[in-house]
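# Descriptive analysis of the structure
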Amino acid sequence: MPGVATKQYLNTTARSDNDAGVPFPTHRRRHRIEGPPPRYIAVGDPRFCAVVGPLVFRQSLIPKMFKPLLLILLPLSLLIGCAETTPDTNTQVFQTVDEVAAARRAQQQKDWKAAAIDVLHEERPDISATPDTSLAIILTADGIRDRLDLSELAPTLTAQPDQIHAILREQLLRQLIPFDQERLARASFQDLRKRIRPMLFNGADVQELSTQLGSQLPTRTIFADLYWLPVIRWDAPRPATPIGPKPLASWKIPNDEINQLALANLATDPVEGTFDVTAFGALGRILTLKPTTDPAILLSPNFLPTARRALQTTDNLALLLATPNDVRFVESQNKKLLDSLYPGWKHIITNNRKALARQPLLLSES
């Protein structure tokens, strides 16, 4: 009966959630919405510029007259949504392995050159340094320009990143020797003659200097493996420059004349204040050169008399010459004090490349 819900109709199972809200099956067909609910997107919404899922539109909701317009607007909305572009960022993520390695090497070389320039500014403020291509720097001083190549240090610097400054310092000071010789050769001898002094070297230092200069140096032997060379002694912090064959040839001065001038200039230097005296009770006294004193002062004819007065003795002096910064003198006849000092001195010189002498020396008038 129309309009009356019978028991049979009421017990009919609903086929969907929409059916459950309509009591009569005949009415359900008119109210049923088939398929998934429609989705709506805003035209030009950038969130949907890549992929748009399937859209289901209820036919009854879209009049036929708007269908052509929809077919035009939908592709247009996709184009508008993706129209805005921005520059790529983090492009390094697209680099190849070789490109990454090359960029890393370039940055390493830049850092190493900066470190080398810092070392030079600290150790040699008399020289200007600027970075060059590859692993090289440009040196400039006294109108002379030179290129210093540090490429051979790359493996060592890579293997010891915590020792970069120490490695660069040692190598730079070694490679500066030819550059300093060129500067010396172009300088005026008359301007430098008052700066000429003797300087002590061990055999290893002499050999290294000869290698860097490409010729043997005119050394004078003191004893065994201990030598002295004439040098130009500059004001600190610039280190002394040995006078090699190139400056001698440029000045046209014989080597013997340079040696005599060096000793004569040394004889005018004051000896007082170059050492400290320490008393060890009944054992006696020790004379120690100050760290700022060049050990070559012992070649001065004024040193022995002054040292004897400081030690209150007329005896000859036993010289424990360890390194340029560790030089001690005691009375040669004081065996007890010598025996107490000898083990410590021996420990210092063992396997020490900077050791000046390998055995105690005797300082006397003859």
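See above for the structure.
In this report, the structure presented in the accompanying data block is examined. (Residues numbered from 1 in each chain as written. Predicted model: local features only at pLDDT ≥ 70, side-chain atom pairs only at ≥ 80, totals over all residues. Heavy atoms only, no water.)

## Things to note about the overall build of the chain
This is how the line gets drawn: Secondary structure follows DSSP: runs of H or I at least 4 residues long count as helices, runs of E at least 2 residues long count as strands, and numbering of each begins at the N terminus. Contacts: residue pairs with any heavy atoms within 4.5 Å of one another. Every accessible area reported is derived by Shrake-Rupley at a probe size of 1.4 Å, with residue values counting cover from the shown protein chains alone.
Summing up its helical and strand segments, the chain has 13 helices and 12 strands in all. Looking at the chain alone, contacts between residues at least 24 apart form 58% of all its contacts between residues at least 6 apart. Counting only carbon and sulfur atoms, one obtains 55% of the accessible surface of the chain, whose full area is about 22,700 Å².

## Points about the side chain of S300
Rule in force here: Whether a residue is buried, partly exposed or exposed follows from its accessible area with a 1.4 Å probe, protein chains only, as a fraction of its type maximum: under 20%, in between, or over 50%, in that order.
As for its position among the elements, S300 is in the loop between β9 (285-289) and α12 (303-311). Accessibility expressed as a relative area gives 4% for S300, which makes it buried. When residues no more than four places from it in sequence are discounted, the contact partners of S300 are L266, A267 and V271.

## Brief notes about the pairing of strand β2 (residues 136-141)
Our working rule: Two strands qualify as a pair provided DSSP detects at least 2 bridges between them.
Taken across its 6 residues, β2 has 5 buried, putting it largely inside the fold. Summarising the sheet, strand β1 (residues 128-131) and β2 pair through 4 bridges and their orientation is antiparallel. Looking at the pairing, S128 lines up with T140 of β2. Counted between consecutive antiparallel strands, the loop separating β1 from β2 contains 4 residues, among which S134 sits at a positive phi close to 55 degrees. In the sheet, β2 pairs with strand β3 (residues 144-149) via 6 bridges, with the strands oriented antiparallel. Across the sheet, A136 pairs through a bridge with D149, a residue of β3. Joining the antiparallel neighbours β2 and β3 is a turn of 2 residues, in which D142 adopts a positive phi near 55 degrees.

## Re helix α7 (residues 164-186)
Here is the rule: Helix span, as expected, comes to 1.5 Å for every residue beyond the first. Fitting axes to the seven residues that end at a residue and to the seven that start at it, the angle between those axes gives the bend at that residue.
Compared with an ideal rise of 1.5 Å per residue, which puts 23 residues at 33 Å, α7 spans 33 Å between its outermost C-alpha atoms and is within 8% of the ideal. Residue I177 marks the point of greatest curvature in α7, where the axis turns by about 35 degrees; the proline P178 follows within four residues.

## Thoughts on the sheet that holds β9
Two strands in a sheet stick together by hydrogen bonds in their backbones, pointing the same way (parallel) or opposite ways (antiparallel). To keep things clear, this is the line we draw: Interaxial angle, 0 to 180 degrees, is taken between N-to-C directions of lines fitted to C-alpha atoms, where a helix line uses only the stretch in contact.
In spatial order, the strands read β8-β9-β11-β10-β12; together these 5 strands make up an open sheet with antiparallel pairing. The sheet terminates laterally at β8 (275-279) and β12 (361-363), the two strands that pair on one side only. The sheet shows a mean angle of 30 degrees between the axes of neighbouring strands, direction not considered. On the sheet, α12 packs against β8, β9, β10 (317-323), β11 (326-331) and β12 and is oriented at approximately 140 degrees with respect to β9.

## Some words on the nonpolar core
For clarity, the cut-off: Here, the term nonpolar core denotes a set of buried Ala, Val, Leu, Ile, Met, Phe, Trp, Tyr and Cys residues that are joined through side-chain atoms within 4.5 Å.
Within the largest apolar cluster, 37 residues are counted, with the highest numbers of intra-cluster contacts made by W251, F303 and F329. Residues contacting F329, with those up to four places away along its chain left out, are R285, I286, L287, L289, L298, F303, L311, L317, A318, L319 and L363. Counting 23 residues, the second-largest nonpolar core is a separate cluster that includes A129, I167, L168 and L176.

## Concerning the side chain of Q181
We apply this condition: Pairs of N or O atoms within 3.5 Å make up the polar contacts considered here, provided that, within protein, one atom can donate a hydrogen while the other can accept it, and that residues adjacent in sequence are counted only when both atoms are side-chain atoms.
Residue placement: Q181 occurs in helix α7. Reaching out from Q181, the side chain makes a polar contact with the backbone nitrogen of G244 at a distance of 3.1 Å.

## Side note on the packing of helix α5 (residues 97-123) against α7
What counts is decided by this rule: Crossings are sorted by hand: turned counterclockwise from the far helix by less than a right angle, the near helix makes the crossing left-handed, and turned clockwise it makes it right-handed.
With their axes 9 Å apart at the nearest point, α5 and α7 run at an angle of 65 degrees to one another. For the pair α5 and α7, the sense of crossing is right-handed. Between α5, through W112, A115, A116, V119, L120, E122 and E123, and α7, the contact on the second element is made entirely by I164, H165, L168, R169, L172, L173 and L176.

## Notes on the environment of R124
Its place among the elements puts R124 in the loop between α5 and β1. Accessibility expressed as a relative area gives 2% for R124, which makes it buried. Ignoring sequence-local partners within four residues, the contact set of R124 consists of V119, L173, L176, D180, R183, R238 and P239. Reaching out from R124, the side chain makes a polar contact with the side chain of D126 at a distance of 3.0 Å.

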